[in-house]
Amino acid sequence: MTQVSHDRIALCDLKRTKRMKRALITGITGQDGSYLAELLLSKGYEVHGIIRRASTFNTSRIDHIYQDSNQPGTKLFLHHGDLASTEWILSLIYSLAPDELYHLAAQSHVKVSFDIPEYTGDVTGLGTMRLLEAIRRSGAKTRFYQASSSEMFGSAPPPQSETTVFQPRSPYAAAKAYAHWMTRIYREGYHLYAANGILFNHESPRRGETFVTRKITRGVAAILAGRQDTLYLGNLDAQRDWGYAPEYVEAIWQMLQQDAADDYVIGTGETHSVREFVEASFAYAGLDWQKHVKMSDRYLRPLEVDVLIADPSKARAKLGWQSKVGFRDLVAIMVDADVEAAGLTPRGDGKAILETKIGHWNRWHNSVTRMVHAVSGQASQH
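All values reported here derive from a predicted model rather than from experimental measurement.

Time to look at the overall build of the protein chain. Along the protein chain, the regular secondary structure elements total 13 helices and 13 strands. Looking at the protein chain as a whole, 55% of its 382 residues are labelled buried. Considering only contacts within the protein chain whose residues lie at least 6 apart along the sequence, 79% involve residues at least 24 apart. When the accessible area of the protein chain is evaluated, it comes to approximately 16700 Å², of which 49% is carbon and sulfur surface.

This paragraph deals with the sheet that holds strand β2 (residues 46–51). Taken together, the seven strands give an open sheet; going across it, the order is β3-β2-β1-β4-β5-β6-β11, and neighbouring strands pair in parallel fashion. Whereas interior strands pair on both sides, the edge strands pair on one side only; in this sheet they are β3 (76–80) and β11 (263–266). Each strand of the sheet is rotated relative to its neighbour by a mean of 20°, with strand direction disregarded. Looking at chain direction, strand β5 (residues 143–149) and strand β6 (residues 194–199) are connected through six bridges and run parallel.

Moving on to the confidence of the model for the protein chain. Looking at the protein chain, the pLDDT average stands at 89 and 87% of residues meet or exceed 70. Under a pLDDT of 50 for its full length, residues 1–17 has, in the predicted model, 32 contacts with residues more than four places off or in other chains. Here residues 377–382 is modelled with pLDDT under 50, and outside its nearest four sequence neighbours on either side it reaches six contacts, counting other chains as well.

Attention now goes to the side chain of Arg214. Secondary-structure assignment places Arg214 in helix α7 (residues 212–224). By relative accessible area, Arg214 is classed as buried at 10%. From its side chain, Arg214 meets the backbone oxygen of Arg207 in a polar contact 2.9 Å long. Excluding its chain neighbours within four sequence positions, the residues that come into contact with Arg214 are Ser204, Pro205, Arg207, Gly208, Glu209, Met334 and Asp338.

Attention shifts here to the pattern of salt bridges. A full pass over the atoms with the stated rule returns 19 salt bridges. Between Arg130 and Asp122 there is a salt bridge whose closest N-O contact spans 2.7 Å. The partner of Asp262 in a salt bridge is Lys314, with the nearest N and O atoms 3.0 Å apart. Taken together, the residues Asp262 in the loop between α8 (245–255) and β11 and Lys314 in helix α10 (residues 313–318) connect sequence positions 52 residues apart. Residues joined in a network through salt bridges with shared partners are Arg184, Arg187, Glu188 and Asp263.

On to the packing of α7 against helix α9 (residues 274–284), then. Put simply, α7 and α9 touch, their axes get as near as 10 Å, and they point 25° apart. In terms of their interaxial angle, α7 and α9 are classed as roughly parallel. Two packed elements cross with a definite hand, and for α7 against α9 that hand is right-handed. Taken together, the residues of α9 that come into contact with α7 (itself represented by Val212, Thr213, Ile216, Thr217, Val220 and Ile223) are Val274, Phe277, Val278, Ser281 and Phe282. When grouped by side-chain class, the residues that make up the contact of α7 with α9 number eight nonpolar, three polar and no charged.

This part covers the packing of α7 against helix α11 (residues 327–341). The contact between α7 and α11 brings their axes to 8 Å, and the two run at 45°. If you check the angle between α7 and α11, you find them oblique. Between α7 and α11 the crossing geometry is right-handed. In contact with Thr213, Arg214, Thr217, Arg218, Val220, Ala221 and Leu224 of α7, α11 contributes Met334, Val335, Asp338 and Val339. Taken together, the residues that form the contact of α7 with α11 break down as six nonpolar, two polar and three charged.

Our focus in this paragraph is helix α6 (residues 171–190). With 20 residues, α6 should reach 28 Å at 1.5 Å per residue; the first-to-last C-alpha distance of 28 Å fits that figure. If you check which residues of α6 are buried, you get Tyr172, Ala173, Ala175, Lys176, Ala177, Ala179, His180, Met182, Thr183, Tyr186 and Arg187. Here the buried face of α6 lies against α4 (110–115), α5 (117–138), β5, β6 and β11. Positive backbone phi, at 60°, marks His191, one or two positions downstream of α6.

What follows deals with the pairing of β6. Across the six residues that make up β6, a large majority, six, are buried. Burial of the side chains of β6 extends over both faces: Ala194, Asn196 and Ile198 are buried on one face and Ala195, Gly197 and Leu199 on the other. Crossover β5 to β6 through α6 is right-handed. Pairing between β6 and β11: four bridges, direction parallel. Looking at the pairing, Asn196 lines up with Asp263 of β11.

Reading the values: rules and limits
- Residues numbered from 1 in each chain as written.
- Predicted model: local features only at pLDDT ≥ 70, side-chain atom pairs only at ≥ 80, totals over all residues.
- Heavy atoms only, no water.
- Helix = DSSP H or I, 4+ residues; strand = E, 2+ residues; numbered from the N terminus.
- Buried < 20%, exposed > 50% of the residue type's maximum accessible area, 1.4 Å probe, protein only.
- Contact = heavy atoms within 4.5 Å.
- Areas by Shrake-Rupley, 256 points an atom, 1.4 Å probe, with all protein chains shown as cover.
- Pairing = 2+ DSSP bridges.
- Axes fitted to C-alpha atoms, helices over the stretch in contact; angles between N-to-C directions.
- pLDDT = per-residue confidence, 0-100.
- Polar contact = N/O pair within 3.5 Å; in protein donor to acceptor, adjacent residues only side chain to side chain.
- Salt bridge = Lys/Arg side-chain N within 4 Å of Asp/Glu carboxyl O.
- Parallel < 35°, antiparallel > 145°, perpendicular 65-115°, else oblique.
- Left-handed = near helix turned anticlockwise from the far one by under 90°.
- Nonpolar A, V, L, I, M, F, W, Y, C, P; charged D, E, K, R; others polar.
- Expected span 1.5 Å × (residues − 1).
- Right-handed = clockwise from strand over helix to strand, strands pointing away.

This is the structure:
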């Protein structure tokens with residue numbers, strides 16, 4: 001069994017104050033985890049993250065906020081671990097006793113889940129149960145957040161809300177549905193503070209490179225830079241409710257600040273096809289998408305989800321949350337970021353949008369430039 005660094009945690013306890021909340025994030029190196037870590041640090045939290053051991057570095061999204069645990073005043077701590085190990089999870093929960101636990105880790109690629117359904121079920125589904133059981137057995141007063149997914153709705157007619165019946169159409173969606181219901185069972189059966197956030201598609205410059213939106217915007221940048229000429233995609237007719245990820249992590253945080261745990265749908269309330277995302281991205285860069293985009297059966301799923309549209313009225317009424325970044329805003333942000341990452345000068349609309357619509361913790365320099373520099377080994381120290 002992998003051992004938790006108890007010496008490090010004991011040192012953390014000496015520095016912890018009554019006013020400083022402690023949060024644990026699974027999936028801290030992912031898109032949402034990195035943004036959430038930044039948000040919590042900006043609010044004065046002590047943040048702990050679980051990362052997987054790997055032969056190569058996989059921390060590029062958080063390198064720009066990494067803190068040496070030997071330095072005084074450190075508030076970000078990383079722990080190597082495995083969500084497949086119940087005993088390791090229990091040991092960590094006992095040691096940390098976090099005030100809030102944000103469970104974001106998963107095998108989250110829908111197409112890949114058809115190729116590795118057993119692994120997807122183990123990590124995405126059973127991993128959630130292991131965390132909930134660890135909280136229950138430890139007796140910790142931890143508030144738990146489960147990252148549910150709009151993919152659970154599958155073929156259910158839109159718009160989809162908290163009361164829509166799930167009709168999953170992939171191993172990933174089925175695993176997420178299991179995790180969602182286990183969260184409710186532990187909330188209602190064991191009285192844990194356990195909330196589900198059913199987040200619809202949320203994108204950003206930190207989205208994984210194999211996800212379709214990021215694949216599109218990276219393709220646009222590569223074509224502009226003369227590094228490729230053709231972009232291969234799958235189903236262009238699928239319709240999704242796309243929003244901006246940093247706004248969604250603000251909603252995640254708000255869910256755990258409520259008096260009672262509940263389930264919330266988070267989305268923009270409008271839908272656009274993959275084709276529209278392609279058209280808007282290429283047009284923003286002054287390119288004709290039809291000259292560069294080709295279809296490939298390789299990227300088609302055995303079962304498709306045709307239309308997802310959020311009904312976020314509950315989140316708007318109870319959390320006071322509403323998206324500010326629109327569809328074309330999102331396209332501008334992502335294309336500009338990938339163009340900058342390619343070493344070119346972006347058009348600049350995306351930066352202006354972040355400066356006017358997003359909180360200080362996630363403006364352009366923090367969200368894009370610092371991370372680009374971190375990836376290239378030039379992380380800003382400011």
